[in-house]
Every structure is written in C-alpha cells, then in structure tokens.
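Listed here are the chains, written in short residue letters.
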Amino acid sequence: MRHEYRPPQHRSRLTRRGRLALFLGTLIAIGAATLIPLLRGGEAPERPRQLVIPEGWRAPQVYAAVDRELKLPPGSTKSAVAAAGLALPAEAKGNPEGYLFPATYPVTSKSTPATLLAYMVRTANEMLATRAVADGGKAHGMTPYQTATLASIIEAEAESRADMGKVARVVHNRLAKSMPLQMDSTINYALNRSTVDTTLSETRIDSPFNTYERQGLPPTPIDSPGLEAMAAAVAPTPGDWLFFVTVKPGDTRFSATYEEHKKHVAEFNRIRAHAHAGSRAGQEGAAGK
C-alpha cells in the first residue's frame, strides 16, 4: 500500500471546556446516527390492548371473550384448550373451569388463545399458592382444586364481598354435618343459566352438579373465583349458620335453623310476588295507552 508523505503538523491543545464540548458533540453525533435509522426503518413499540375477565365468569364466557378480542371464529379458543398444555391439577382432568383467573390481561398481535389461557391458569395457581390461601386450605384439609371449587360457589352465591365469609361458613358447616349443600348456583351451572328462581323439579335433575341430591362439593368449579372468594373459602366467618337467602338486593339473611330460614324465604317470596304484580300492572297500563 502506498503512503503519501505529509509534513508534521502542530496539534493544538484543547481547554477543559473545549474537551467537554467535543465530548458532548461526539455523543450527540453518535446518538443522531443511531436514532435516524430507527426513525426511518424501525417501528414504534406495540401498545397492548386489555382483556378484562370479571369475577364469576364461566369458562365458555372466557372463551368467547378471547375469540372476540383476537378476532377469531367462535369456538377457536375452546378448541385450543386440549393442546394448550395448561398447568392444571390432575383433578381438573384437562378442564380449566375455575382456573381462568379473573383479571386484566395484556393482548398484542402475538397473543394466541393458548398464551392467554396459560396466563390465566398460571395466575390462578399463583393466587391459590399464596400463603394465606394455601395454608388455610391445608388447615381445612382441602386441596387447591377443592379450594377453587368452594371459592367458585362463594363467588356465585354471595350477594356482596361482605357476605363471602358467611356463605363460606354455611358451606363448611353443611359439609361438617354431611348435609347436601343445596346451592342454586350449582343447579344453574348444570342447566347453563343464571337465575334466582329454582323450581322443585329442577332440584331433582340427574346431574353431578345437583347439590340438592348429592352431598359434598360439585366435581368441578362452577365459575372463575377471585382472590377474595378464595380467601373466604379457607377463612370463613365464625358462625353457626346453615342457611341463607338474599331477600332483596343488599339484604342477605343467614340462619342457624330451618324455621328461621323459612320465614326469610317467605319474605323473599312476598317481595318477589309484589314486584311481579307491579311489573304486570305497568305493562298493562302501557298497553292501554
């Protein structure tokens, strides 16, 4: 390689301020050189969307919400369950009901039914493994799956969070006395509905979720319980209650005896009958106008 001769040159010495200015100028130049390609060819970070799963939703509701959020054909998320490799206990037999934890989940263009379901199940396992829930469950001789099952009943039955501990106590008291739970929420689950009206014939249906006919907890959870319901399941409010009924919104009555409970049920029926009569009168009045 050829080199051309160049005479030596005197190098000027920079002052401290000059060196600082040169250093800053170099940093700015490097930053600009790095930033310009990013602005030209890079993409802004994707802002995740939010998928909200409320407390008390059943698995089919969760599946439908994921399908809508990911703009997939109905049934896509349900079909993905078998191959999703979800971290479910053996008792679940592959059914994630009760383990699709209610929370707000981030959704991006890379999200799939499998990744979202796995996130929900992982969160449920984490909640069930918290010290208060795990230790409380062990103290009552319950597995985490049984805790989730009991919590799902509490989530469905309690009219307010303040009542969760009392509902849990009713369940524990009935289990201790080998009484059937007689929960309308499990009948609703068996019939795939949500209502406060349960007929005598419906309490006789042939279903493993018929807690009028069968003793003990149902075979699976019946919805997605939140952390408050899980905590109530393992730390029920002290009491001797065996019955409860929500007479009207904000007014749930707990009873230790069936005689007392019958009085509360009679009041519930009177209030319901009055409300239905008023509704019919209103409809007739509107029709006559």
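In the block above lies the structure referred to throughout.
Structure report, in brief. If you're wondering where the values come from, they're calculated on a predicted model, not measured in any experiment. (Residues numbered from 1 in each chain as written. Predicted model: local features only at pLDDT ≥ 70, side-chain atom pairs only at ≥ 80, totals over all residues. Heavy atoms only, no water.)

**Regarding the nonpolar core**
Within the largest apolar cluster, 52 residues are counted, with the highest numbers of intra-cluster contacts made by L51, Y99, L100, M120 and I154. Mapped by element, the contributors of at least two residues to this core are α2 (59-69), β2 (104-107), α4 (113-128), α6 (144-157), α7 (164-176) and α9 (227-234). If one sorts the elements of this core by residue count, α4 sits on top with 7 residues. Sequence-distant contacts of L100, that is, excluding residues within four places in its chain, are made with I53, A59, V62, Y63, L117, M120, V121 and S224. (Core = buried A, V, L, I, M, F, W, Y, C linked by side-chain atoms within 4.5 Å. Buried < 20%, exposed > 50% of the residue type's maximum accessible area, 1.4 Å probe, protein only. Helix = DSSP H or I, 4+ residues; strand = E, 2+ residues; numbered from the N terminus. Contact = heavy atoms within 4.5 Å.)

**Digging into α4**
End to end, α4 covers 23 Å across 16 residues, agreeing with the expected 22 Å (1.5 Å per residue, within 8%). Taken residue by residue, α4 has P113, L116, L117, M120, V121, T123, A124, M127 and L128 as its buried positions. Taken down its axis, α4 places every buried residue within 155 degrees of arc, on the same side. (Expected span 1.5 Å × (residues − 1). Arc of directions from axis to C-beta.)

**Side note on the environment of P249**
Within the secondary structure, P249 is located in the loop between β3 (243-248) and β4 (251-255). C-alpha separation for the pair P249 and E159, spaced 90 residues apart in sequence, amounts to 7.6 Å.

**Quick notes on the side chain of S224**
Within the fold, S224 resides in the loop between α8 (184-190) and α9. Among the residues examined, S224 registers a relative accessible area of 1% and is labelled buried. A distance of 3.0 Å separates a polar side-chain atom of S224 from the backbone oxygen of L100. Ignoring anything within four residues of it in the chain, the contact list for S224 reads E55, G56, W57, V62, E97, G98, L100, P102 and E155. (Polar contact = N/O pair within 3.5 Å; in protein donor to acceptor, adjacent residues only side chain to side chain.)

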